[in-house]
Amino acid sequence: MFTNRIGRNMDLLETKSSSVPGEDVSDDEACVLPADTMLILQQFLQEKELKERSEKAGAEPEGCFEENWQLSQFWYNEETKQKLSLLVRRVQEETISEPFRVALLSAPSAFKHVVNENKQAMLFEFDERFASYGDNFQQYDYNRAYDTGYMDAFADQFDLIIADPPFLSEECIEKIGVIVKKISKKDAKIVLCSGAVVQEWAKKYLGVSLCQFRPEHERNLGNEFRSYANFDLDSMLNKGC
């Protein structure tokens, strides 16, 4: 019923807007709507216009997937996203495994760049807004790492895993490590993007060591951010430079 009301009002707006430019419209002819309905219509039209512009530009609608501080989501800047997609390309080129599969754990802002390099890339993310990515999305909760059978459907499937745990705590790194080990193929390459404070836990639970590459974000974070890997990540990124 509400949808029909919006539809009728939009028809009225479109009728008025299609009038001949400069043609006077009397007060009696003006479309008068309740303030709350007009606000909803304005928001709908603005979002519709923004979505259409974004689709033409091949980008996600701005504000559709905004950073969520409550979920500890912090968006990488453009350079970092490009570096991670370059890494995917180069690891893929050097890997015999077929099909080559990439997993992103809690790193949604890198997904669109990564999936351009690997169409089967899988985003594991707690935030279900990203379910719009279809078969490339899997909702997960690192807190369930020790649940019996959890993530068994993805066991031994991924050649490259890029993880960005949502919290800088030993518990979080430990549980992410359990999930990473479960979904990794033998000899899989693992990259951890996290704070400098997790270095000891990263080594203990994921077997990764500190690298020179420093992921950066669109917003400045209070914690020093670093990368860790179980292979020579820096050489891979700097190859040919």
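Residues numbered from 1 in each chain as written. Predicted model: local features only at pLDDT ≥ 70, side-chain atom pairs only at ≥ 80, totals over all residues. Heavy atoms only, no water.

A. How the structure looks around the nonpolar core. Core analysis: the largest hydrophobic core is formed by 31 residues, its most contacted members being Leu87, Leu104, Leu160, Val191 and Leu233. Looking at this core, the elements that each hand over two or more residues are α3 (78-94), β1 (102-105), α4 (111-117), β4 (158-163), β5 (184-195), β7 (225-229) and α7 (233-238). By residue number, the principal contributor to this core is α3, which donates four residues. Apart from residues no more than four positions distant in its own chain, Leu104 is found in contact with Ala110, Phe111, Val114, Met122, Leu123, Phe124 and Ile162. (Core = buried A, V, L, I, M, F, W, Y, C linked by side-chain atoms within 4.5 Å. Buried < 20%, exposed > 50% of the residue type's maximum accessible area, 1.4 Å probe, protein only. Helix = DSSP H or I, 4+ residues; strand = E, 2+ residues; numbered from the N terminus. Contact = heavy atoms within 4.5 Å.)

B. Representation of the sheet that holds strand β3 (residues 137-139). Strand order in the open sheet made by the seven strands is β3-β2-β1-β4-β5-β7-β6, with mixed pairing throughout. Looking at which strands have only one partner, the edges of the open sheet turn out to be β3 and β6 (209-210). Strand direction decides the pairing type here: β6 and β7, joined by two bridges, are antiparallel. Bridging across to β7, Leu210 finds its partner in Tyr228. Against the sheet, α3 engages β1, β4 and β5, with an angle of about 165 degrees to β4. Contacts from helix α5 (residues 170-183) reach β1, β2 (122-125), β4 and β5 within the one sheet, and its direction differs from that of β5 by about 155 degrees. (Pairing = 2+ DSSP bridges. Axes fitted to C-alpha atoms, helices over the stretch in contact; angles between N-to-C directions.)

C. Focus on the environment of Tyr140. Among the structural elements, Tyr140 can be located in the loop between β3 and β4. Relative accessible area serves as the criterion here: at 2%, Tyr140 is assigned to the buried category. A sequence separation of 10 residues divides Tyr140 from Tyr150, and the C-alpha atoms of the two residues are 9.4 Å apart. If we ignore the near neighbours within four places in the chain, the residues touching Tyr140 are Leu105, Ser106, Phe124, Glu125, Phe126, Tyr150, Met151, Ile176 and Ile179.

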